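Listed here are the chains, written in short residue letters.
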Amino acid sequence: RWNGEPVCALLVNANAFVLNRHGFPVLPRRHQEFVRQMFKYKCYIAVSGRSNSNSEGDRGAQQYIQYLGYLFGKQPGSTEAERFEAPYQDFLQSPLQPLADNLESTVYEVFEKDPVKYVRYREAVAKYLETRKGEEVVIMVLGAGRGPLVKSCLLASQGTGVKVKIYAVEKNVNAVVTLRTLAASPAWSNVEVIASDMRVWVPQEKADLVVSELLGSFGDNELSPECLDGASKCLKENGVSIPSSYTSFLAPLSSSKLRNEARALGESTAVMETPYVVKIHSGFEISPSKECFTFTHPKKESTPRDNARYAKLTFSPSESSMLTGLAGYFEAVLYDDVMISIRPESFSEGMFSWFPLYFPLRTPLLVRSGSEIEVHIWRKCSPTQVWYEWCITEPSITAIHNPNGRSYSMSLG
């Protein structure tokens, strides 16, 4: 739980040390793990008190300091993903709205560096193409951006030997320029660029496979359901969508750091009723995340006709903490058993295209171990926008946050 507190210093009592077989003071394994964990938060570490040991190996405070320095030096080096994420730790960002806004080239460039996402997409497309040997497959890449998904489809085609015809559909005029430049090369001779919104484009032929990367940090918060529903006319009756489904997850979160960061944005109600994209560093999940909303494509007959959703989730705190907000994640099934996930329990190691979504609470709540936390969350829709509302009803009742989308909504463009 200390991960969620503003820890400035860690005092390690000398009596916490034990002597190893060489007579030098070391920390027991659980203490070592905790100290290593606190290294991540760059707090001061000091040794206090006096050891009870009179052993010859106990030669003053210097040995304790040297040992802590040894532990610090044994930390593994940063991975590529960790180096990328470092500037964004606990930094609140407004979620992207690619349906309403055209993304800048710098944003595309960041996403295209992800070493995991496009490999998984290529694996998913290849797995589908393996079922279509000897045929020419029509693929539509919806929201093609600057072409990384098109490249994944072309690589999957080369790897499986299945011929494909690709339509790259993109509404961002700046990205279309890049796509048309790429399409002029021989390697893209089977790619046709369509400069249009996927929801209004009327294709001359239908697709066997549609591929998209419209997912947000909470799965549906960049309006993937609305986009893919509007593009359903592009797909053959037995056609396949990649991703085929995605599920959002919520977890109760304790983080004084994120609460203070949100409050620093202003005094208005809106700042505590807006979900934020953030790489959660100084935070503690009070209980593991639970499934929230699921969307499947293409839609099945049993699927609700609209994309409004409601979920009531009950959590059991692992220990007493201050509940300051909710952490949102997603898991997506691309095709068959190929998945991507930012949920901690199933995280796609090395992927950094998405950070969690943080839903703040206007008033923090003290929750005790053995009690229950009851969370209610709604996904609401109108003809022009989509928004979330959320509240807590156990252990105390809070107001409904963001009623009628008064503070934050996602524009349908």
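The residue count restarts for each chain, going from 1 along the sequence in the order it is written. Two thresholds apply to this predicted model, a pLDDT of at least 70 for residue-level local features and 80 or more for giving and counting side-chain atom pairs, whereas whole-chain, interface and lining totals are computed over all residues. Note: side-chain values were computed over all heavy atoms of the structure, leaving out hydrogens and water.

Colleague: Explain the side chain of S348 here, please?
Modeller: Under the scheme used here, helices are H or I runs from DSSP no shorter than 4 residues and strands are E runs no shorter than 2 residues, and both carry numbers assigned from the N terminus. Here S348 lies in the loop between β16 (338-341) and β17 (357-367). N or O atoms closer than or at 3.5 Å make up a polar contact, with two conditions inside protein: a donor-capable atom paired with an acceptor-capable one, and, for residues adjacent in sequence, both atoms drawn from side chains. One polar contact links S348 to R120, side chain to side chain, over a distance of 3.4 Å. One polar contact links the side chain of S348 to the main-chain amide nitrogen of S341, over a distance of 2.9 Å. Once residues within four sequence positions are removed from consideration, S348 is found in contact with V116, R120, M339, I340 and S341. Contacts are assigned to residue pairs that have any heavy atoms within 4.5 Å of one another.

Colleague: Could you clarify how one ought to interpret the environment of K290 in this entry?
Modeller: Inspection of the secondary structure puts K290 in strand β13 (residues 290-296). On a C-alpha basis, the gap between K290 and I242 in space is 24 Å, while along the polypeptide they are 48 residues apart. Those residues within four positions of K290 in sequence are excluded, and the remaining contacts are S248, F249, L250, L313, T314 and F315. Within the local environment of K290, its side chain forms a polar contact with the backbone oxygen of T314, the two atoms lying 2.4 Å apart.

Colleague: Is there a simple way to explain the side chain of N402 in this structure?
Modeller: Here N402 is to be found in the loop between β19 (385-394) and β20 (410-411). If sequence neighbours within four positions are ignored, N402 has contacts with E273, W387, Y388, E389, W390, S407 and Y408.

Colleague: When you look at unusual backbone geometry in this model, what are you seeing that I'm missing?
Modeller: Negative phi is the rule for most residues except glycine; trans is the rule for most peptide bonds. Residue P243 follows I242 across a cis peptide bond; omega there is 5°. With respect to the helices, strands and loops of the structure, P243 is situated in the loop between β9 (235-242) and β10 (245-254). In this chain, E394 is followed by P395 through a cis amide linkage whose omega measures 5°. Structurally, P395 is set in the loop between β19 and β20. Positive phi outside glycine occurs at D90, with the angle close to 60°. For D90, the position within the fold is in the loop between α3 (80-85) and α4 (105-112). Positive phi, close to 60°, is recorded for N402, a residue that is not glycine.

Read these as layout, nothing more, since geometry by itself doesn't imply function.
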